[in-house]
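One letter stands for each residue in the lines below.
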Amino acid sequence: MLVAEAVAQALAGLGADTVFGVVGSGNFHVTNGLTAHGVRYVAARHECGAASMADGWARLAGRPGLLSVHQGPGLTNALTGITEAAKSRTPLVVLAADVAGAAVRSNFRIDVAGLAAAVGAVPERLHSAQSAVADTVRAYQTAARQRRTVLLAMPLDVQAAECDPPGILPGVVPSAAVPPPAPSPDAAAALARALTEAGRPVFIAGRGARVAAARRDLEQLADACGALLATSAAAKGLFRGSPWDLDVSGGFATPAAAELISGADLVVAWGCSLNMWTTRHGTLLGAGCQLAQVDDDPAAIGGHRPVDLGVFGDAAVTARAVLTALRDGPPPVGGGYRSAEVRERIAREGRWRDVPYTDESGDGLIDPRTLSIELDDLLPAERVVAVDSGNFMGYPSMFLSVPDEQGFCFTQAYQSIGLGLASAIGSAVARPDRLTVATLGDGGALMGVSELETVVRLGLPMVVVVYDDEAYGAEVHHFQPGGSPLDTVRFPPTEIARIGQGFGFDGVTVRDRADLAQVSRWLAGPRERPLLIDAKVTASHGSWWLEEAFRGH
């Protein structure tokens, strides 16, 4: 058996069932081998799109994604999407064809391991025909167990060599069988004591809590100590439906949520990095507030800011251990943060749509807040919202609700525009039971425009919403106050709805509320083609979150 075929068979045996990519000569055989073993192949139009599709798929599927790329430019084209996945700790295996060891003068030769290390991915390699299956198993299990993006270099000479079939893979343990790390008894007791003494505790759950499916355990612990609940943007929706849910902490927080979080005397981060976005550059951590951080990565604890108590452990397992310690210890003396008044305030002011604003719609432009609220009412509740990067991104993030943490795909670890559409495609493939809504700025939409064809080809009943301000809005609002010339970041009008129609979408241009009637008709069915909404939005000032971010610069 050829190594390329053995690698494909091994991956299928490990549970891989979907691979995204762009096929060239270097990854032709391994990709066909995967399909021969029942793995679904999803072809993208650009390798960066394929990487973001695999990233979005893995986030919602909850298991490692696969990306297959050609040697040299196939890998470098995908690098931005791979970087986003690596920085987000997305479990992903990149099957990266590489030149033969002796091809020292090949125009395709690059330092694959150096590229991987440079962007935070784990470099792996098929070292020989004899070790290829073991190398593949190691790469896949690293992705699954450590939630890492692994770049597996596959030299062409090794791929073409003969090897024994994988058969039953010895020593392969499903990632689900590996117990998550538990906190030490002393650490659990220390956190329980802190919660017992706290008068106004707040939990902020992040990606680690989402991956650990920790909602039930965190809510039970919060009930026992009277904590309010919030999330980072990456875990938006985790506590949806709880009367104590403050939604997202940080730049996207409502004024009420920001005030309540900043009033805490103890903030506990659960699988949350506590970066500048989640804490608003630290301003949400009030004077005298104690800070505890729970994470299954020891290097993450205190990584962005000093903490008073660090606990190494899985979020769900740690929450259960702390709850046991809390129940076995003395009764709480702090009293907790919950009251009828706080509950009523969260119900009254807990959503951005409940915050009064002046509707600036007019002159053929719609206020992005108005647009987002209207879409929130129109779109089905069972949805996945995928958000690209840019000035616009606060509007869908703040105004579009999601049913749970599986309803939000937020590719912002690297803050690259142009990844949102592809990550939405991956989300739609992973969750066909929900309507996927890709929310993009015009800059990001046009940057990733080739993947509109992929949406149509796959028959995905997606909605693509473009917040079109005819500019790179973040740069406009960053540099405009200083009087800088803006010609380099402003563009003439583009009929993006017509571009969508050219790819096979139903296209709608929205300039006011009345135009949204066309969206209602599409939603009513039969939804034979995906829908692209080109919303011509007002842009007289930057979005609220962007103004906050600029203060940090």
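Relevant structure appears above.
Residues numbered from 1 in each chain as written. Predicted model: local features only at pLDDT ≥ 70, side-chain atom pairs only at ≥ 80, totals over all residues. Heavy atoms only, no water.

S.K.: Would you take a moment to explain the pattern of salt bridges for this structure?
M.R.: Pairing of side chains with opposite charge becomes possible as their charged atoms draw close. Summed over the entire model, instances satisfying the criterion amount to 33 salt bridges. Arginine 89 is the partner of aspartate 297 in a salt bridge, and the nearest nitrogen-oxygen pair spans 3.4 Å. Of this pair, aspartate 297 sits in the loop between strand E11 (290–295) and strand E12 (309–312) while arginine 89 sits in the loop between helix H4 (73–87) and strand E4 (92–98), and the two are 208 residues apart along the sequence. Among the residues examined, aspartate 297 registers a relative accessible area of 24% and is labelled partly exposed. (Salt bridge = Lys/Arg side-chain N within 4 Å of Asp/Glu carboxyl O. Helix = DSSP H or I, 4+ residues; strand = E, 2+ residues; numbered from the N terminus. Buried < 20%, exposed > 50% of the residue type's maximum accessible area, 1.4 Å probe, protein only.)

S.K.: I would appreciate a short explanation of the nonpolar core in the present structure.
M.R.: One recurring pattern in soluble globular proteins is that nonpolar side chains are buried together. Ranked by internal contacts, the top residues of the largest apolar core, which has 50 residues, are Leu67, Val94, Leu421, Met462 and Val464. When neighbours within four sequence positions are excluded, valine 464 is seen to be in contact with Leu421, Ala438, Leu440, Phe505, Leu531, Leu532 and Ile533. One finds Ile373, Val508, Leu531 and Ile533 within the second-largest nonpolar core, a separate group that totals 35 residues. (Core = buried A, V, L, I, M, F, W, Y, C linked by side-chain atoms within 4.5 Å. Contact = heavy atoms within 4.5 Å.)

S.K.: What am I meant to see in H4 here?
M.R.: In an α-helix, one full turn covers 3.6 residues, which means residues spaced three or four apart are oriented alike. Relative to the 21 Å expected for 15 residues at 1.5 Å per residue, H4 spans 22 Å between its end C-alpha atoms, a close match to the ideal helical length. A bend of about 50° at leucine 79 is the largest found in H4. Of all the residues in H4, the buried ones are Gly74, Leu75, Ala78, Leu79, Gly81, Ile82, Thr83, Glu84, Ala85 and Ala86. Packing partners of the buried residues in H4 comprise helix H3 (47–61), strand E3 (65–69), E4, helix H5 (112–119), strand E6 (149–155) and strand E14 (408–410). Looking at the residues trailing H4, positive phi occurs at arginine 89, about 55°. (Expected span 1.5 Å × (residues − 1). Bend = angle between axes of the 7 residues up to and from the residue.)

S.K.: Explain the sheet that holds strand E13 (residues 383–387) here, please?
M.R.: Strand pairs in the sheet, formed through backbone hydrogen bonds, run parallel or antiparallel to each other. Here we have 6 strands laid out as an open sheet, ordered E14-E13-E15-E16-E18-E17, and parallel in their pairing. The strands lining the two open edges of the sheet, one partner per strand, are E14 and strand E17 (506–510). Each strand axis lies, on average, 15° off the axis of its neighbour in the sheet, ignoring direction. Pairing of E13 with strand E15 (residues 435–441), which is carried by 5 bridges, proceeds in the parallel orientation. When the sheet's bridge partners are listed, valine 387 is paired in E15 with threonine 439. Taken strand by strand, helix H15 (residues 368–378) contacts E13, strand E16 (463–468), E17 and strand E18 (531–536), and its axis lies near 165° from that of E16. Seen against the sheet, helix H17 (residues 420–430) touches E13, E14, E15 and E16 and runs at an angle of roughly 175° to E15. (Pairing = 2+ DSSP bridges. Axes fitted to C-alpha atoms, helices over the stretch in contact; angles between N-to-C directions.)

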